[in-house]
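Secondary and tertiary structure notes
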Amino acid sequence: MTGLRGEIIVPGDKSISHRGVMFGAIAEGITELTGFLNGADCRSTIGCFRKMGIDITHDNDHVIIKGKGLNGLSKPDTILDVGNSGTTTRLISGILAGQNFETTLNGDESIQTRPMGRIIKPLTAMGSDIASIKDNDCAPLIIRPSKLNPIEYNSPVSSAQVKSCVLLAGLYADGVTKVTEPVLSRNHTELMLKGFGADITSINKTTTVVGGPKLFGQKIQVPGDISSAAYFIVAGLITPNSEILIKNVNTNPTRAGIIKVAQEMGGKLELLNERVVSGEPVADILVKTSELHGISIGGEIIPTLIDEIPIIAVMAACANGKTVISDAAELKVKESNRIDTVVNNLKAMGADAVATEDGMIISGGNDLKGTRIVTKSDHRIAMSFTIASLVSANDNILDDSDCVVISYPDFYKTLENLK
């Protein structure tokens with residue numbers, strides 16, 4: 001092909017969009033989000049808070065939330081439907097643990113298999129009456145009213161969702177709640193809660209929040225999602241004769257590990273027009289076709305790129321030499337078991353890929369051929385193997401191409417515009 005060329009703007013950051021709605025709902029006054037990600041997951045969050053009496057106006061990427069304060073939510077008439085969203089499920093549970101009414105949370109088949117014991121344990125330690133209805137540590141969850149106590153929680157996993165759940169419950173506890181992680185996970189909750197007026201501090205891997213704050217509505221400009229930009233970063237690096245400028249991308253270092261990995265693999269990648277927007281670092285990313293080589297990826301960088309590993313694996317298959325990805329067992333409990341799903345699809349394309357207990361080993365340089373891709377209805381698998389088609393002898397056929405609406409409804413259109 002002739003190469004990918006042009007400028008694009010990717011959808012708003014999914015993590016920040018979720019949090020903007022949630023924090024706006026429990027703040028006093030109006031919160032306005034521009035650049036909101038109008039994807040299925042974020043719409044699930046809006047739906048849950050509307051059911052609890054919050055007036056939310058949603059027009060594509062513009063959202064206005066009329067907050068009612070920390071204790072202003074009302075008992076919903078029905079089950080709160082979180083759809084496919086793990087972020088909605090885990091974060092909202094922290095807020096619901098502090099309410100004076102009972103709620104039931106449930107979602108789709110995927111959500112009903114994802115591990116919720118990791119939030120049930122700390123919330124129970126805080127005094128929450130939370131249970132897995134099927135007693136399998138998965139949704140559906142029931143949360144009944146209880147008095148919350150502050151705790152000092154040493155999380156066994158580096159997960160922004162677990163950390164955020166405990167911190168949000170800490171807003172409803174009388175005293176100081178602390179969360180310590182093995183490795184620092186993305187810090188959007190800490191940055192945004194501080195902006196809303198919470199008494200929250202972070203030192204190294206420990207975050208502390210003081211209960212009972214008054215939160216006040218904010219205007220938030222949501223930057224582009226680095227996870228969505230990742231597909232076009234890799235597309236620009238691996239496709240011959242390509243040059244892509246991806247504008248207005250969140251480059252928060254707790255999230256942007258793919259930038260470091262791409263550069264270490266020899267990628268021609270530059271950050272331009274670096275600035276801070278609504279408390280988050282933002283830049284335009286320029287990528288050009290590059291000669292890539294394999295590297296080892298593991299340790300503290302993994303939480304900063306966990307969602308990008310499927311597309312990093314595609315990049316590794318196009319690089320010279322061996323890439324080893326380790327310390328990524330968390331991939332097994334995403335929308336699919338992403339270790340097995342990625343490796344099986346890469347092998348079907350002719351790549352040399354082996355699954356390990358906590359990652360994968362990919363020896364790059366094999367010619368790739370198009371094949372039938374088993375997506376497991378996982379949006380990140382579908383987008384990653386669409387990008388892999390750009391450098392394969394013939395196109396991949398996805399068994400579910402529509403699942404990209406979870407995070408990037410216009411993904412295919414954006415790609416076509418670059419051709």
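Remember, predicted model here, so these are calculated numbers, not experimental data. (Residues numbered from 1 in each chain as written. Predicted model: local features only at pLDDT ≥ 70, side-chain atom pairs only at ≥ 80, totals over all residues. Heavy atoms only, no water.)

Side note on the pattern of salt bridges
Applying the stated rule across the entire model yields 22 salt bridges. The salt bridge partner of arginine 338 is aspartate 307, with a shortest N-O separation of 3.7 Å. Residue arginine 338 is found in helix 10 (residues 338-348), and its partner aspartate 307 is found in the loop between strand 17 (296-297) and helix 9 (309-317); the two are separated by 31 residues along the sequence. Classification of arginine 338 as buried rests on a relative accessible area of 1%. (Salt bridge = Lys/Arg side-chain N within 4 Å of Asp/Glu carboxyl O. Helix = DSSP H or I, 4+ residues; strand = E, 2+ residues; numbered from the N terminus. Buried < 20%, exposed > 50% of the residue type's maximum accessible area, 1.4 Å probe, protein only.)

Section: the packing of aromatic side chains
For the structure on display, the rule yields 6 aromatic pairs. Where phenylalanine 232 meets tyrosine 408, the ring centres are 6.1 Å apart and the plane angle is 65°; that geometry is what we call edge-to-face. Of this pair, phenylalanine 232 sits in helix 7 (residues 226-238) while tyrosine 408 sits in the loop between strand 22 (397-398) and helix 12 (411-418); the two residues are 176 residues apart in sequence, bridging distant segments of the chain. Note on accessibility: phenylalanine 232 and tyrosine 408 belong to one class, buried. (Phe/Tyr/Trp six-rings, centres within 6.5 Å; stacked < 30°, edge-to-face > 60°.)

Quick word on unusual backbone geometry
Residue proline 140 is bonded to the preceding alanine 139 through a cis peptide linkage, with omega at 5°. Among the structural elements, proline 140 can be located in the loop between strand 7 (129-132) and strand 8 (141-144). Look at aspartate 135: it is not a glycine, yet its phi comes out positive at around 55°. Of note, aspartate 135 is situated in the loop between strand 7 and strand 8.

Quick notes on the pairing of strand 3 (residues 55-59)
One ladder, built from 5 bridges, connects strand 3 with strand 4 (residues 62-68); its direction is antiparallel. Residue pairing for strand 4: threonine 57 is matched across the bridge by isoleucine 64. Linking strand 3 to strand 4, which pair antiparallel, is a turn of 2 residues; within it asparagine 60 sits at a positive phi near 55°. (Pairing = 2+ DSSP bridges.)

Things to note about helix 7
Compared with the 18 Å implied by 1.5 Å per residue over 13 residues, the 18 Å span of helix 7 between its first and last C-alpha is a close match. Across the 13 residues that make up helix 7, a large majority, 13, are buried. (Expected span 1.5 Å × (residues − 1).)

Overview of the sheet that holds strand 2 (residues 28-34)
Ordered by their spatial adjacency, 4 strands build an open sheet running 3-4-2-13, and the pairing between neighbours is mixed. The open sheet has two free edges, formed respectively by strand 3 and strand 13 (219-221), since each of these has just one partner strand. Pairwise comparison of adjacent strand axes, ignoring direction, gives a mean angle of 10° for this sheet. The strands touched by helix 1 (residues 14-25) are strand 2, strand 3, strand 4 and strand 13; relative to strand 4, the strand with the most contacts, the crossing angle is about 30°. (Axes fitted to C-alpha atoms, helices over the stretch in contact; angles between N-to-C directions. Contact = heavy atoms within 4.5 Å.)

Quick notes on the pairing of strand 18 (residues 321-325)
In terms of strand pairing, strand 17 meets strand 18 through 2 bridges, oriented parallel. Along strand 18, the bridge assignment pairs serine 296 with valine 324. In the classification by handedness, the crossover that spans strand 17, the intervening helix 9 and the parallel strand 18 is right-handed. Pairing between strand 18 and strand 20 (residues 359-364): 5 bridges, direction antiparallel. Bridged to threonine 323 within strand 20 is isoleucine 362. (Right-handed = clockwise from strand over helix to strand, strands pointing away.)

A look at the packing of helix 9 against helix 10
Remark: helix 9 packs on helix 10, axes separated minimally by 10 Å, with the N-to-C direction vectors making an angle of 30°. One way to sum up the angle between helix 9 and helix 10 is to call them roughly parallel. As for the relative orientation of helix 9 and helix 10, their crossing is right-handed in sense. Packed against helix 9, whose contacting residues are Pro310, Ala313 and Ala317, the element helix 10 presents Arg338, Val342 and Leu346 at the interface. A breakdown of the residues in the contact of helix 9 with helix 10 according to their chemical character gives 5 nonpolar, no polar and 1 charged. (Parallel < 35°, antiparallel > 145°, perpendicular 65-115°, else oblique. Left-handed = near helix turned anticlockwise from the far one by under 90°. Nonpolar A, V, L, I, M, F, W, Y, C, P; charged D, E, K, R; others polar.)

Here we look at the nonpolar core
Ranked by size, the top nonpolar core spans 69 residues in total, and within it Phe232, Ile246 and Ile387 carry the most contacts. At 10 residues, helix 7 tops the list of elements feeding residues into this core. Sequence-distant contacts of phenylalanine 232, defined by excluding residues within four places in its chain, comprise Ile8, Val10, Ile244, Ile246, Val287, Tyr408, Phe411, Thr414, Leu415 and Leu418. Formed by 62 residues, the second largest nonpolar core is a distinct cluster that contains Phe49, Ile65, Leu148 and Tyr172. (Core = buried A, V, L, I, M, F, W, Y, C linked by side-chain atoms within 4.5 Å.)

Some remarks on the side chain of serine 384
Among the secondary structure elements, serine 384 is positioned in helix 11 (residues 379-388). Residue classification places serine 384 among the buried residues on the basis of a relative accessible area of 0%. Apart from the residues within four sequence positions on either side, serine 384 is in contact with Tyr231, Pro310, Ile311 and Val314.

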